[in-house]
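Per-entry structural report
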Amino acid sequence: MKVNKIFVAFAVLLVCVLGYGFFSSKKGEETKKVDNKEVKVGVLQLLSHPALDQIYKGLEDGLKKEGYEVGKNLKIDLQNAQGDQSNLASMGQKLVTDNNDILVGITTPATLSLSNATKDKPIIMGGITYPVEAGLIKAEDKPGNNITGVSDRTPIKQQLEIMKKVLPNMKKVGILYTASEDNSVKQAQEAEKLAKELGLEVKVSTVANTNDIQQVTESLASQTDAIFVPIDNTIASAMATVVKVTDAKKIPVFPSADTMVADGGLLGLGVDQYQIGVETAKVVAKVLKGADTKDMPIVLANEGVIYLNEAKAKQLGIEIPKEIKDKAKVVDKK
Ligand code: TRP
């Protein structure tokens, strides 16, 4: 009898201990789940080119650093419009109706499409060159609506001055961009004005889409000493076509993004695309924690770094002045 009593007491104790462990761990999981309530981020990207893919990667890694991790407490719905305007419109709508908590626009056209789809849900810009001119926000220091984020521009005047230092004998500069990209129009206008102020002759050429890049570049390259390309999505997606033509004529291309230099440009003042994504993630995190886009100034990614394609310089027989070379970051494709 005594043995039985001890046995029962032991069994009761065991049940209590196991039971406590079981329920307390359940409770622990529940609290964690509340703390880590899943956040839904909808991302709209215009198309795939190396710069935009880098921005997206930076965004995902940046969100992880901010404590939001895919598969844990973060769901990302990435929509890529493959450069198609009607895709942009329908995907923008879908990301809004799918109840994402926050939206991210990669490129000006993508952000415009999101802003057409919602005036309430926060939209964070991932590398938009001129958000005011594109009609996205009222002012860069105080957007005044549901949109804020990061700009990727670098000073155009500085870019042209660098071009002149690299090519002291340059007389005629070509400017190549896509007529339908709001972000490029403004940069090209500015570049034209500044180049004239620097005493250069200017020839501006536009493309409508990737189909006419080859022909337009051929004509521009045969009339100029060098070509300046602003931050332009269509050209960025077809750098290979541009460079094939310019290489044949030995005309250097000066783009405004690191990836475009790596893709065959000679040299350019640009912003690290991956870093744009990381900065965008920081803004996303702030808004998720309650900051209001209306009052959040636009973040300028950084002052810009000179990116140099050394192999291209060699190929074109261009000597890069030491002063510039010392500052430059080499980004040749291996
Ligand atoms: N700034 C571009 C826009 O407003 C998008 C973009 C970001 C981009 N980085 C780039 C375009 C690099 C070309 C190359 O649409």
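None of these values were measured; they are calculated from a predicted model.

The rules behind the values
Residue indices follow the written sequence of each chain, beginning from 1 at its first position. Under the rules for a predicted model, residues below a pLDDT of 70 receive no local features and side-chain atom pairs below 80 are neither given nor counted, while totals for whole chains, interfaces and linings still include all residues. Note that water and hydrogens are dropped before the side-chain values are worked out from all heavy atoms of the structure. Nearness is defined per residue: one heavy atom within 4 Å of the molecule or strand is enough. N or O atoms closer than or at 3.5 Å make up a polar contact, with two conditions inside protein: a donor-capable atom paired with an acceptor-capable one, and, for residues adjacent in sequence, both atoms drawn from side chains. Strands are runs of DSSP state E lasting at least two residues, helices are runs of H or I lasting at least four, and both sets are numbered from the N terminus onward. Axes here mean lines fitted to C-alpha atoms, for a helix over just the part in contact, with angles spanning 0 to 180 degrees between N-to-C directions. Note: crossing handedness is left-handed where the near helix turns anticlockwise from the far helix by less than a right angle, and right-handed where it turns clockwise. Note on contacts: a residue pair is in contact if any heavy atoms of the two residues lie within 4.5 Å. Polar here means any residue outside two lists: the nonpolar Ala, Val, Leu, Ile, Met, Phe, Trp, Tyr, Cys and Pro, and the charged Asp, Glu, Lys and Arg; Gly therefore counts as polar. Strands qualify as paired when DSSP identifies two bridges or more between them. Under the scheme applied here, a residue whose accessible area is under 20% of the maximum for its type counts as buried, over 50% as exposed, and between as partly exposed, the area being computed with a 1.4 Å probe on protein chains only. For this quantity, the arc is that covered by the directions from the helix axis to the C-beta atoms. When describing relative orientation, an angle under 35 degrees is termed roughly parallel and one over 145 degrees roughly antiparallel, while 65 to 115 degrees is termed roughly perpendicular and anything else oblique. Salt bridge, as used here: a side-chain nitrogen of Lys or Arg that lies within 4 Å of a carboxyl oxygen of Asp or Glu. A pair of Phe, Tyr and Trp rings is counted when the ring centres sit within 6.5 Å of each other, with Trp represented by its six-membered ring. The angle between the planes then sorts it: under 30 degrees is stacked, over 60 is edge-to-face, the rest tilted. Our definition puts a charge over a ring when NZ of Lys or CZ of Arg is within 6 Å of the ring centre and also within 35 degrees of the ring normal.

**A closer look at the site of the ligand**
Neighbouring the ligand are 18 residues; T108, G127, T129, D152 and Q273 lie closest to it. Interatomic distance of 2.9 Å between a backbone N/O atom of G127 and a nitrogen atom of the ligand. N183 has a polar side-chain atom sitting 3.5 Å from an oxygen atom of the ligand. Elements supplying a minimum of two residues to the shell around the ligand: α2 (50-65) and α8 (233-236).

**Thoughts on unusual backbone geometry**
For Q82, which is not a glycine, the phi torsion comes out positive at approximately 50°. One can find Q82 in the loop between β2 (74-80) and α3 (85-97). Here the phi dihedral of T107 falls at roughly 100°; this positive angle occurs in a residue that is not glycine. Inspection of the secondary structure puts T107 in the loop between β3 (102-106) and α4 (108-117).

**Digging into the packing of helix α7 (residues 213-221) against helix α9 (residues 239-248)**
Contact pair α7 / α9: the axes reach a minimum separation of 9 Å and the direction vectors enclose 30°. Both α7 and α9 take part in a crossing whose hand is right-handed. Together, I213, Q214, T217, E218 and A221 of α7 and T241, V242, V245 and T246 of α9 make up the contact between the two elements. The residue makeup of the contact of α7 with α9, split by class, is four nonpolar, four polar and one charged.

**A few points about the sheet that holds strand β9 (residues 253-255)**
A sheet is described by the order of its strands in space; here four strands give the open sequence β7-β6-β8-β9, paired in parallel fashion. What marks the edges here is a single partner per strand, and that holds for β7 (201-207) and β9. For this sheet, the mean angle separating the axes of adjacent strands, direction not counted, is 25°. Contacts from helix α5 (residues 156-166) reach β6 (172-178), β8 (226-229) and β9 within the one sheet, and its direction differs from that of β8 by about 160°. Against the sheet, α7 contacts β6, β7 and β8, and its axis sits at roughly 170° relative to β7.

**Let's talk about the pairing of β3**
Counting buried positions along β3 yields five of five residues, so the element is predominantly enclosed. Every second residue of β3 is oriented toward a common face, with I102, V104 and I106 on one face and L103 and G105 on the other, all of them buried. Inspection of the sheet shows strand β1 (residues 39-45) paired to β3 by five bridges, in the parallel sense. By the bridge assignment for β3, V43 is matched with V104. Sheet topology places β3 next to strand β4 (residues 123-126); three bridges connect them, and they run parallel. Across the sheet, residue V104 finds its bridge partner in β4, namely I124.

**A look at α5**
Along α5, the residues classified as buried are I156, Q159, L160, I162, M163 and V166. Projected down its long axis, α5 carries its buried residues within an arc of 155°, all on one side.

**Thoughts on the packing of α3 against α4**
Interhelical geometry of α3 versus α4 gives an angle of 50° and a closest axis separation of 8 Å. Regarding the angle of α3 to α4, the classification is oblique. For the crossing formed where α3 meets α4, the hand is right-handed. Contact residues: L88, A89, G92, Q93, L95 and V96 in α3; P109, A110, S113, L114 and A117 in α4.

**Examining the side chain of T108**
For T108, the location among the structural elements is in helix α4. Within the structure, the side chain of T108 is placed 3.5 Å from the side chain of N183, a separation counted as a polar contact. Leave out the neighbours within four places in its chain, and T108 touches I128, T129, A134, D182 and N183.

**Regarding the pattern of salt bridges**
Tallied over the full model, the rule gives 16 salt bridges. Each of K64, E69 and K72 takes part in a single network of salt bridges with overlapping partners.

**Quick notes on the side chain of T118**
If you trace the backbone, T118 turns up in the loop between α4 and β4. With relative accessibility at 8%, the residue T118 sits in the buried group. In this structure the side chain of T118 is engaged in a polar contact, spanning 3.1 Å, whose partner is the backbone nitrogen of D120. In contact with T118, not counting residues within four places along its chain, are V96, L103, I123 and N146.

**Details of the packing of aromatic side chains**
For the coordinates displayed, the defined rule picks out zero aromatic pairs. Over the aromatic face of Y130 sits the side chain of K186, whose NZ or CZ is 5.1 Å from the ring centroid.

**What to know about the sheet that holds β3**
Taken together, the six strands give an open sheet; going across it, the order is β2-β1-β3-β4-β5-β11, and neighbouring strands pair in parallel fashion. Each edge of the open sheet carries a strand with a single partner, namely β2 and β11 (299-300). Taken together, the four bridges between β4 and strand β5 (residues 147-151) define a ladder with parallel strand orientation. Note on β5: the bridge partner recorded for M125 is G149. Contacts from helix α11 (residues 273-288) reach β1, β3, β4, β5 and β11 within the one sheet, and its direction differs from that of β4 by about 165°.

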